[in-house]
There are 2 protein chains.
Amino acid sequence: MKDPSGTHDQAGESTATQPAKVKDPSRARVGVGLLGCGNVGAALVELLAEQRTIIAGRTGLELDVVRVAVRSASRSRKVAIADGVLTTDAAAVVRDPSVDVVVELIGGIEPARELVTTALKLGKPVVTANKELLANYGAELYAAADTAGVDLLFEAAVGGGIPLIRPLRASLAAEPIRRVMGIVNGTTNYILSRMTEEGTSYQDALASAQSLGYAERDPTADVEGFDAAAKAAIIATVAFGARVLAGNVYREGISDIGPTNIAHAGRLGYVVKLLAIVEQVGRVEGKPELAVRVHPAMLPVDHPLASVRDSFNAVFVEGGAVGELMLYGRGAGGRPTASAVLGDLIDAAGNRYRNTWNPIGDLGEAVIRPIDDLASEYCIDLEVLDRPGVLAAVAGVFGHHGVSIRSMEQEGLDDQARLVFITHRATERDVQATLTDLRELEAVRGAPALLRVINR
Amino acid sequence: MKDPSGTHDQAGESTATQPAKVKDPSRARVGVGLLGCGNVGAALVELLAEQRTIIAGRTGLELDVVRVAVRSASRSRKVAIADGVLTTDAAAVVRDPSVDVVVELIGGIEPARELVTTALKLGKPVVTANKELLANYGAELYAAADTAGVDLLFEAAVGGGIPLIRPLRASLAAEPIRRVMGIVNGTTNYILSRMTEEGTSYQDALASAQSLGYAERDPTADVEGFDAAAKAAIIATVAFGARVLAGNVYREGISDIGPTNIAHAGRLGYVVKLLAIVEQVGRVEGKPELAVRVHPAMLPVDHPLASVRDSFNAVFVEGGAVGELMLYGRGAGGRPTASAVLGDLIDAAGNRYRNTWNPIGDLGEAVIRPIDDLASEYCIDLEVLDRPGVLAAVAGVFGHHGVSIRSMEQEGLDDQARLVFITHRATERDVQATLTDLRELEAVRGAPALLRVINR
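About the criteria used
Residues numbered from 1 in each chain as written. Chains lettered and ligands numbered in written order. Predicted model: local features only at pLDDT ≥ 70, side-chain atom pairs only at ≥ 80, totals over all residues. Heavy atoms only, no water. Helix = DSSP H or I, 4+ residues; strand = E, 2+ residues; numbered from the N terminus. Rg over C-alpha atoms; globule rule 2.2 N^0.38 Å. Buried < 20%, exposed > 50% of the residue type's maximum accessible area, 1.4 Å probe, protein only. Contact = heavy atoms within 4.5 Å. Areas by Shrake-Rupley, 256 points an atom, 1.4 Å probe, with all protein chains shown as cover. pLDDT = per-residue confidence, 0-100. Pairing = 2+ DSSP bridges. Axes fitted to C-alpha atoms, helices over the stretch in contact; angles between N-to-C directions. Least-squares fit on C-alpha atoms with pLDDT ≥ 70 in both. Arc of directions from axis to C-beta. Salt bridge = Lys/Arg side-chain N within 4 Å of Asp/Glu carboxyl O. Phe/Tyr/Trp six-rings, centres within 6.5 Å; stacked < 30°, edge-to-face > 60°. Lys NZ or Arg CZ within 6 Å of the ring centre and 35° of its normal.

Topic: the overall build of chain A
Along chain A, the regular secondary structure elements total 14 helices and 18 strands. What you see for chain A is a C-alpha radius of gyration of 25 Å, in line with the 23 Å of a compact globule of 456 residues. When each of the 456 residues of chain A is scored for burial, the buried share is 59%. The long-range fraction of contacts in chain A, counting pairs at least 24 apart against all pairs at least 6 apart in sequence, stands at 74%. Counting only carbon and sulfur atoms, one obtains 49% of the accessible surface of chain A, whose full area is about 17300 Å².

Quick notes on the confidence of the model for chain A
With 94% of its residues at a pLDDT of at least 70, chain A reaches an overall mean of 92. Scored as a complex, the prediction yields pTM 0.93 and ipTM 0.92.

Details of the sheet that holds strand E1 (residues 28-35) of chain A
Residue and element names in this part refer to chain A. Pairing in this open sheet of six strands is parallel, and the strands run E3-E2-E1-E4-E5-E6 from one edge to the other. One side of each edge strand has no neighbouring strand; the edge strands of this open sheet are strand E3 (86-87) and strand E6 (152-153). As judged from the eight bridges shared by E1 and strand E2 (residues 61-69), these two strands associate in the parallel manner. Bridge pairing in E2 links Leu34 to Val68. Helix H12 (residues 334-354) rests against E1, E2, strand E4 (101-104), strand E5 (126-128) and E6 of the sheet, and its axis sits at about 110° to E2.

Details of the relation of the copies chain A and chain B
Rotating chain A by 180° about the axis while translating it 0.0 Å along that axis superimposes it on chain B, leaving an RMSD of 0.0 Å. Expressed as an axis order, the relation between the two copies is that of a two-fold axis. Distance from the rotation axis, computed per C-alpha, reaches its smallest value in chain A at A:Leu327: 2.3 Å. When the interface residues of chain A are mapped onto chain B, 100% of them are again interface residues, pointing to one common binding face.

A word on helix H11 (residues 259-267) of chain A
Residue and element names in this part refer to chain A. Restricting attention to buried positions, one finds in H11 the residues Asn261, Ile262, His264 and Ala265. What you see down the axis of H11 is that its buried residues fit within an arc of 160°, all on one side. Positive phi shows up at Gly269, right after H11, with a value of about 90°.

Observations concerning the pattern of salt bridges
Residues and elements named next belong to chain A. Under the criterion given, the structure shown has 58 salt bridges over all chains. Residue Glu110 pairs with Arg113 through a salt bridge whose shortest N-O separation is 3.8 Å. Taking relative accessible area as the criterion, Glu110 reaches 47% and is therefore assigned partly exposed. Residue classification places Arg113 among the partly exposed positions, given a relative accessible area of 23%.

A few points about the environment of B:Asn351
Tracing the backbone through its elements, the reader meets B:Asn351 in helix H12 (residues 334-354). The spacing of B:Asn351 and B:Asp218 is 133 residues in sequence and 40 Å in space, taken between C-alpha atoms.

Describing unusual backbone geometry
All names here are of chain A. The omega angle of the peptide bond from Glu110 to Pro111 is 5°, so this bond is cis rather than trans. Residue position: Pro111 is located in the loop between E4 and helix H4 (112-121). With a phi angle near 55°, Asp310 is a residue other than glycine that sits in the positive phi range. When you line up the elements, Asp310 lands in the loop between strand E10 (287-300) and strand E11 (312-319).

Structural notes on the packing of aromatic side chains
All names here are of chain A. All told, the structure shown has eight aromatic pairs over all chains when counted by the stated rule. Measuring from ring centre to ring centre gives 5.0 Å for Tyr190 and Tyr214, while their planes differ by 75°; the resulting arrangement is edge-to-face. In this pair, Tyr190 is assigned in helix H7 (residues 186-198) and Tyr214 in the loop between helix H8 (202-211) and helix H9 (220-223), connecting sequence segments 24 residues apart. Look at Tyr190 and you get buried, because its relative accessible area is 7%. Given a relative accessible area of 35%, Tyr214 falls into the partly exposed group. Of note, Arg113 hangs over the ring of Tyr137, and the distance from its end group to the ring centre comes to 3.9 Å.

Below, the structure is given as structure tokens:
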């Protein structure tokens with residue numbers, strides 16, 4: 001960060017508008033411009049109305065939603081919005097002089113990117129829940145916010161209502177963080193919970209998630225880990241103060257996981273969870289070397305994340321000073337997400353009024369270690385013909401690639417057998433080479449299943 | 001809050017010292033005065049040294065510990081402190097012009113209260129971990145901080161390293177919070193975990209806690225719930241923006257809990273935890289009516305707090321918008337607590353430099369509902385002579401006081417029997433009257449044990 005002073009030099013302020021006008025000397029009125037009024041936006045409008053007196057009493061702020069931009073003005077909405085407030089012109093909301101703070105709930109890259117950038121350049125703080133935008137264009141937006149000297153707050157972008165970004169940015173600002181592991185996608189956690197607790201197939205669990213509204217008709221973004229990968233990039237950026245983009249995140253989804261994989265994991269004392277894992281694995285030329293990935297993994301049943309069920313989210317932080325920390329709650333849904341947006345909105349509005357902001361600071365560069373170079377323990381699940389010499393041949397392949405076996409369980413399936421191996425720590429490269437060679441063995445049937453094992 | 005503007009009017013500042021001097025234009029040097037250098041203080045000094053580059057890089061702040069006040073200058077310390085920094089005169093540290101921010105880690109009421117008050121009046125932000133001070137004199141200190149326009153931050157006072165106060169103050173500033181339940185004392189959670197998992201007696205579990213350094217030689221403050229009660233008062237104050245003192249908290253400890261109570265709870269699907277419970281139960285004359293209490297309670301095994309084991313702490317928040325939230329981590333220990341202090345210190349130092357602060361705001365009054373008027377489900381554990389008519393007599397006493405029984409289990413003990421009742425929701429007054437009358441029954445042996453049951 002170039003200038004730790006977040007106090008505005010009034011004389012030098014050319015782009016920023018003046019502070020919100022004060023109607024009542026003991027109260028500050030702050031105009032809120034809302035971009036997007038779907039589930040979260042409607043819940044926010046509702047919550048602002050419900051909590052108006054509490055907010056004014058506790059903070060001295062009167063938050064008024066003065067403009068709301070929507071795609072179609074005729075669509076029916078969950079909340080009543082006064083005449084003259086609703087518009088389909090989002091850019092006009094951003095420019096409106098009565099709008100002091102902009103809340104961006106449109107999602108996606110454009111036009112959100114342009115609207116947020118414009119708002120910041122106009123000196124208006126922005127609160128956003130847009131993970132896609134931040135995971136792809138965060139660095140330029142953070143810089144724009146600091147240049148303008150206004151807040152860009154995004155608690156709702158990761159983990160819905162869970163306070164996560166603020167604790168990482170403030171409470172843990174100087175914590176020597178080692179690793180952050182999160183269950184940050186409720187849809188996949190719901191699906192895996194059904195498969196674990198009821199032995200449901202992936203397809204049935206997905207259908208159940210869809211019928212409950214937890215999964216989209218096209219569930220790709222959730223089940224293939226794209227949503228979690230965007231969140232992993234944001235977590236990595238905030239936790240390590242370094243630029244990490246969605247494209248830097250290694251990603252695997254859960255659509256190949258079957259109930260047998262989960263049952264085997266259970267017998268060995270593990271549960272299967274889709275994890276976003278962000279860790280510092282070293283330093284290269286003075287820069288932090290990070291590993292950032294999303295994939296299903298086996299977690300010991302007594303790990304705090306293992307008991308995070310259904311559509312709940314949780315983020316587990318391992319720090320050199322703070323030790324183990326877990327933040328747990330509702331990762332999605334209108335009201336939980338609106339709760340996080342409201343916390344940010346009050347913060348931004350108060351700072352706007354006080355002419356200050358929470359600087360994000362310069363983000364350093366990070367070196368991303370490729371997945372091939374990462375080490376882990378692995379669980380490999382193999383169907384083989386049940387005949388003499390097969391185990392020796394399989395073990396030979398492991399040995400050839402230097403992958404050491406910690407345990408093996410064999411289960412008979414008529415004339416076939418299933419072998420479940422847990423390896424000692426090995427690199428992904430060696431394990432993938434092992435799998436390639438295993439597939440070549442005549443006695444191996446079907447594709448071997450691989451799950452990474454996380455130990456505390 | 002009278003004035004939501006946290007920006008200092010420089011001209012009107014008579015007591016506050018000027019902002020920290022800038023050595024390097026891109027860096028702000030902030031002098032830290034440390035009061036107390038025990039476990040937490042030493043860990044803080046160590047952590048500040050380790051993380052110096054990271055802090056400067058991310059925040060632009062150079063935090064220098066310029067003065068350290070200790071009780072005895074000759075005592076050996078875990079960290080080396082430069083000559084001239086150490087003193088036994090705490091008041092001199094507070095007044096020292098090179099001290100921009102004061103960190104109070106002495107504990108107890110005096111001289112901490114006077115030192116903190118003086119620092120605030122001098123316009124110096126204060127970071128404290130002192131739960132006793134805040135639970136008894138918080139209101140006057142918060143007012144002094146807001147009057148001076150400086151931060152009074154106290155993340156470390158509740159839940160050690162767990163970010164809890166900042167999320168409650170900022171992220172959940174306007175959340176319609178219904179209830180906060182916390183495992184906020186690691187000593188008692190360790191003792192109850194040993195009793196639950198190993199069937200240990202209370203005395204043996206306490207001895208084990210003492211040998212590990214988790215419990216003091218005189219464990220009263222922990223095991224009788226005084227520590228948790230102070231924390232409950234602070235949580236209530238922050239969660240509901242209302243004045244709640246340690247003396248307002250109903251308090252029971254765990255020293256009467258036996259392994260049989262825990263075993264019975266387990267058979268019924270519950271675990272026993274010492275909980276600090278803070279909830280809004282109504283409104284009286286426009287003021288929030290709160291119930292604030294600390295006592296052992298039975299929690300369903302699938303409740304997220306039920307899996308908080310050993311000396312870990314966790315706080316479970318139920319909000320009207322955010323839903324269920326849990327914050328989990330290390331509630332004590334030098335480095336975890338120092339981590340929380342450091343987060344606050346960076347926040348306070350940055351605000352000091354930017355000439356702003358996080359206002360606490362006026363705390364409203366709360367009405368405290370007495371324990372007698374609270375309603376709960378109860379588990380009552382009774383030893384009776386095993387003879388005809390006893391159950392009818394016992395049931396008659398429940399009925400007489402309008403306490404309705406949800407379930408009963410009977411267990412034979414030679415010529416005696418043990419009856420375990422779970423009641424429907426009843427008031428404490430009626431249940432206590434029931435217990436009084438039960439003790440009068442000739443067939444009842446010993447004192448009936450009572451545990452409140454928490455259901456989701």
